[in-house]
Amino acid sequence: MRWIDMPPVWLFACLILAWLQASYLPYGLTFGGAWADFLGGILVGGGILLMLLAVVEMRRQHTTIIPHQTPSRLVQSGIFSRSRNPIYLGDILVLAGLILRFDAVLSLPLVPVFVWILERRFIEPEENRMRRTFRQDWARYEGKVRRWV
């Protein structure tokens with residue numbers, strides 16, 4: 001069952017809810033057309049780019065990208081020198097971008113709900129494991145690099 005409790009599954013669930021809301025319960029609300037599609041595309045593209053940069057850097061460092069596992073190395077280079085959670089940030093950008101693209105106005109609250117889920121289910125436990133595993137290195141890294149941006 002642990003494979004179900006993964007960020008992509010939560011992201012997919014939020015996207016399904018947003019799509020359903022846009023398709024069946026739009027209530028005549030709209031973001032306004034072309035600018036929303038453009039901004040949505042930028043957010044989705046930026047999110048995918050962040051995720052790819054993070055995965056490449058983690059693979060280069062030969063460590064896991066699985067949230068429930070303890071990494072073998074503390075990755076501080078590449079995109080991780082700017083954000084401690086670029087993959088999760090990418091997930092959030094993808095969700096926000098597709099909500100814009102779907103024109104799912106009433107689904108905007110899914111973004112903070114998704115952030116809350118990521119922080120409680122994944123980020124806090126991961127940071128606790130990193131704190132125990134990498135001790136001083138983690139303390140320096142945590143003081144130097146923000147959680148999100």
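Data block above holds the structure.
Below is a summary of the structure that appears in this document.

So, how was this worked out
- Residues numbered from 1 in each chain as written.
- Predicted model: local features only at pLDDT ≥ 70, side-chain atom pairs only at ≥ 80, totals over all residues.
- Heavy atoms only, no water.
- Helix = DSSP H or I, 4+ residues; strand = E, 2+ residues; numbered from the N terminus.
- Buried < 20%, exposed > 50% of the residue type's maximum accessible area, 1.4 Å probe, protein only.
- Contact = heavy atoms within 4.5 Å.
- Areas by Shrake-Rupley, 256 points an atom, 1.4 Å probe, with all protein chains shown as cover.
- Expected span 1.5 Å × (residues − 1).
- Bend = angle between axes of the 7 residues up to and from the residue.
- Salt bridge = Lys/Arg side-chain N within 4 Å of Asp/Glu carboxyl O.

**Quick notes on the overall build of the protein chain**
Next, step 1: When helices and strands are tallied, the protein chain shows four helices and zero strands.
Next, step 2: Along the chain direction, N to C, the helices and strands of the protein chain fall in the order α-α-α-α.
Next, step 3: When its C-alpha atoms are laid out on the principal axes, the protein chain stretches across 55 × 30 × 25 Å.
Next, step 4: Relative to its 149 residues, the protein chain shows a buried fraction of 42%.
Next, step 5: The long-range share in the protein chain, meaning contacts at least 24 apart out of those at least 6 apart in sequence, stands at 76%.
Next, step 6: With the model as given, the accessible surface of the protein chain reaches about 8,700 Å², and the carbon-plus-sulfur share is 66%.

**Examining the side chain of Q61**
Next, step 1: Structurally, Q61 is set in the loop between α2 (34-60) and α3 (86-102).
Next, step 2: Apart from residues lying up to four places away in sequence, Q61 is in contact with R73, V75 and S77.

**Observations concerning helix α4 (residues 110-144)**
Next, step 1: An ideal rise of 1.5 Å per residue puts 51 Å on 35 residues; α4 reaches only 30 Å between its terminal C-alpha atoms.
Next, step 2: Along its length, α4 shows its largest kink, about 125°, at F134.

**Remarks on the pattern of salt bridges**
Next, step 1: Under the counting rule described, the total for this entry stands at 10 salt bridges.
Next, step 2: With a closest N to O distance of 2.6 Å, E57 and R60 form a salt bridge. One end of the pair is E57 and the other is R60, both in helix α2 and three residues apart, which spans about a single turn.
Next, step 3: A residue is classified by how much of its surface remains accessible, and R60, at 51% relative accessible area, is exposed.
Next, step 4: The shortest N-O distance in the salt bridge between R140 and D137 comes to 2.5 Å. One end of the pair, R140, and the other, D137, are both in helix α4, three residues apart, so they sit about a helical turn from each other.
Next, step 5: Residue classification places R140 among the exposed residues on the basis of a relative accessible area of 51%.
Next, step 6: A relative accessible area of 36% places D137 in the partly exposed class.
Next, step 7: Salt bridges sharing common partners tie together R84, E119, R120, E124, E127 and R147.

**A short note on unusual backbone geometry**
Among all residues except glycine, the phi angle is most often negative; among peptide bonds, the trans geometry is most common.
Next, step 1: Even without glycine at this site, Y27 takes up a positive phi of about 50°.
Next, step 2: Relative to the helices and strands, Y27 resides in the loop between α1 (7-24) and α2.
Next, step 3: We note that D103 has phi near 65°; this positive angle belongs to a residue other than glycine.
Next, step 4: Within the secondary structure, D103 sits in the loop between α3 and α4.

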